[in-house]
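What follows is each chain in one-letter form.
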Amino acid sequence: MTGHGFARCVFAALLVFALPTFAATPAKRVVLPDAVTPEHYRIDFTPDIEGLTFEGSVEIDVKVNRATTTIVLNAADLVIDSAMLADEAKLPKVTLDDKVQTVTLTFDQPLAPGPRKLALTYHGTIYQSASGLFALDYQAPKGSPKPQARALFTQFENSDARRFVPCWDEPGIKATFELSANLPADLLPISNMPVAATRKLAGGLQHVAFAKSPKMSTYLLFFGAGDFERVHRMVQGVDVGIVVKRGDTANAAYALDATAELLPYYNDYFGTPYPLPKLDLVAGPGSSQFFGAMENWGAIFYFERFLLMDPKVSTQSDKQYVYSVIAHEVAHQWFGDLVTMAWWDDLWLNEGFASWMANKATDHFNPAWKVWLQSLPQTHSVMQRDARDGTHAIIQPIEDVAQAANAFDDITYYKGAAVIRALESHVGEAAFRAGVRRYMREHKYGNTVTDDLWAAIGKETAAPVPQIAHDYTLQAGVPMVNMLSSKCAGGKTKLSLNQTHFAIDEDSTAARVWHLPVKVAVLGQAPTGAIISGEKPSPVTVAGCGAVVLNAGQAGYLRSHYSSEGFAAVMARFADLTPDDQLGLLMDTQSLASNGVQPMSNYLDLTKQVPVSVDPVVASTLTNQLQGMDIYFNGRPNQPAYRAYARGVLKPLFARVGWDARAGESDNTTILRNDLIAALNDLGDPEVIAENRARFEKYLANPASFSADARGSLLRNVAVQADAAVWERLLQMVKGASSEMERQQLYKLLGAAQDDAISQRALALALSGEVPPTLAPGIISSAASRHPEVALDFAIKNWDQISKMLEVTSALQYLPRLTGNSTDLATVDKLNAFAAAHVPENARQDYVLATARVRYLAKVRATRLPEVDRWLAAQ
Ligand SMILES: [Zn+2]
């Protein structure tokens, strides 16, 4: 998936406590007994779309592998109406277990080994948030008989297929599927496979049968139906389609073009052609707090802002994100769908790989976006988290559904992607791709563990892949390379380097050893590769003399720690570094200074070395750093001095890009402009705030005169600075929104105000019943970014109401996500108390991580700001 930051694929994030290193190839965890396993499912169902229930029947071709008196499969929130095994005289006894989400069929006599047919009828619930079979409501297109429309979709990862059909709901138990449905005749149905047959039924209904799927995991099954339109194109023999609400086809053109260029690229990269006859990307209105898109095989689901370009609201940044989410989900059609991890332990094989592949493919087609450079802040952010309590190894033991839901985190996605990048950089692009092709060829339609990938790559290279890979994937934490000394002699630089463990929390400072590939260069010279391991100094000789760059090119997952002389030398040449190395130095220095490894003045001095001509991505990173650090100063007397300094760094950058887009400027410059205006706005720059107000009046008078980027930036900034009158105007705009995407954007902005009283109004609005249930939690999240403690108290107090708006499997992960900007230690106690009362003990990773973050922010605030004060006073 893709979270928000991820696809559940696209994204989410978190984990376990002290993690023992465990075997490289963990045993496959079979939760269900394997005495009986499925081969093929025939599922037929009838939704009651108004009543939000459905009836289903399933016939499963099973194999009895050994004599047994029970068949155990998964079911959750289903009522079993009948169960029978063909050729069995007596009906089995049916027992449901809600806790482990199983249905057990018990027979009087042992079943003999061999093929059998199992038939069940049942009924269940259509949810209103994205799990199982769910409905999303939206404003019907103009001219519709009813003001509201409703569409159906499914979301089964990680373990919610069992809410739709009794099944062996584990990724390692693959089978084929034939799905059919009885639906109103005016709805367009979509599943993994094309429609094979449609027949009219009485009462305005249709019976739709989809073609038989290839062998696949249950979590990848998909069904959707609604008042849809589909735009499509044949690409290398595959019917590629974008499915949208009626009226939205113009907004799908970008996604169709992107998918049409990505599919041939992946066919080539993976060496195994996409195996299904069609590939649909399906857009649904609304939102989830936990994911953006899901890679169902042949029928990828997206919340529409991750797929469609609405000319009124979609910005350059949205366009880049849409492309990368498409690239991520389409990569999963191979990595995840064709070859699937045997169990959730190896989820990173899906998500880390898809995230890395998305960067690679997006960069290939859009080099001007500098995707790898843009990915570095994310890598550094996950390193911060990987250095705190609650981190986990990339490969981690997962025992059950709740733990699996926790595994969709930044470690899995972004550390996973960074490690793959580091390994590719180490073995070389060609050998790595050859290994991936071999892996696809050898494991298609099957399941794997991580070592299967290393083995395949290992056959294509002489480089020692497994040792390096195991160190990265089987132990948590961040390696740090230290420059101990550096001497120039005879036109060469002799360095002494070692490797330690960069850790933030005291109890995670145990010595840890990696076999760490590192590239080192004297500025302007080609880098030298070395493997650095452990605290014993390693000599490394590099060509040339001058400023030395550690992790040159920034492809390694590590922190670079310079000696003070080394730091002074590289800082003095900041303007001459590549953008990657500039960005790496900014991020490493901020982290090491905040953690007391280096003086705060290193970072603050460095910010003054950034030239106004710096790459826009580096400038955006600096902007976000300075804006983000403002939370440390909240409620402190020196906040005005900090803000004045930060504005002093940013204003020359802003003077260079200006208020208005210039003809021919890069997309990244447009994004930088919006970042700078947002930061200056939030840092209280009076000129910027006044200009935003003036522009807001112009916007209200003539909205069409603003581009989507100018509009998005403007509304975001006036929402942050909103008084009651501006907030009321934004609320009126929600009511007049021309699309679901616009409505969703505006609702979120209503939660963004800095003002305490306005923020309270937004919280009340979220639970007023006026806001659609999938959007209301987003208003609270938005308020939490500026008022984390208030939003947390509010969410705890109203938990009964809020939890009903969240996906059932992920709901408990919502609260910790509200506290990312809290520096108040009371937040730690509140989260712990909530977890103790509501969260199963083995599913509290998000709580451990969130509390570690709050403690870290509080510690930086308490211990590091005095140095900043002194530095500011000396300016
Ligand atoms: Zn994914």
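For clarity, every value in this text was computed on a predicted model and none was experimentally measured. (Residues numbered from 1 in each chain as written. Predicted model: local features only at pLDDT ≥ 70, side-chain atom pairs only at ≥ 80, totals over all residues. Heavy atoms only, no water.)

### Focus: the packing of helix α16 (residues 686–701) against helix α17 (residues 708–720)
Pairs of packed helices are described in terms of their axes, by the angle between the two and the distance that separates them. Where α16 contacts α17, the two axes come as close as 10 Å, and the packing angle between them is 120°. As judged from the angle between their axes, α16 and α17 are oblique. For the pair α16 and α17, the sense of crossing is left-handed. Each of Asn692, Arg695, Phe696 and Tyr699 in α16 lies in contact with α17, whose residues at this interface are Arg711, Leu714, Leu715, Asn717 and Val718. Broken down by class, the residue content of the contact of α16 with α17 amounts to 5 nonpolar, 2 polar and 2 charged. (Axes fitted to C-alpha atoms, helices over the stretch in contact; angles between N-to-C directions. Helix = DSSP H or I, 4+ residues; strand = E, 2+ residues; numbered from the N terminus. Parallel < 35°, antiparallel > 145°, perpendicular 65-115°, else oblique. Left-handed = near helix turned anticlockwise from the far one by under 90°. Contact = heavy atoms within 4.5 Å. Nonpolar A, V, L, I, M, F, W, Y, C, P; charged D, E, K, R; others polar.)

### Here we look at the pattern of salt bridges
Considering all chains together, one arrives at 50 salt bridges under this definition. Measuring nitrogen to oxygen at the nearest pair gives 2.4 Å for the salt bridge that ties Asp108 to Lys90. Residue Asp108 is located in strand β6 (residues 102–111), and its partner Lys90 is located in the loop between β4 (78–85) and β5 (93–97); the two are separated by 18 residues in the primary sequence. Between Asp667 and Lys319 there is a salt bridge, with its nearest N and O atoms 3.3 Å apart. Of this pair, Asp667 sits in helix α15 (residues 667–682) while Lys319 is found in helix α2 (residues 316–332), placing the two residues 348 residues apart along the sequence. One connected set of salt bridges, linked through shared partners, spans Arg42, Glu59, Asp61 and Lys117. (Salt bridge = Lys/Arg side-chain N within 4 Å of Asp/Glu carboxyl O.)

### A word on the sheet that holds strand β26 (residues 538–543)
Read from one edge to the other, the open sheet built from 4 strands follows the order β26-β23-β22-β28, with strand pairing classed as mixed. Two strands in the sheet have a free side with no partner beyond their single neighbour: β26 and β28 (559–561). Across the sheet, the axes of successive neighbouring strands diverge by a mean angle of 35°, strand direction being ignored. The sheet strands contacting helix α4 (residues 371–386) are β22 (478–489), β23 (492–502) and β28, and the helix crosses β28 at an angle near 85°. (Pairing = 2+ DSSP bridges.)

### So, the environment of Leu849
Structurally, the position occupied by Leu849 is in helix α25 (residues 845–863). Residues Leu849 and Pro772, spaced 77 residues apart in sequence, show a C-alpha to C-alpha distance of 30 Å.

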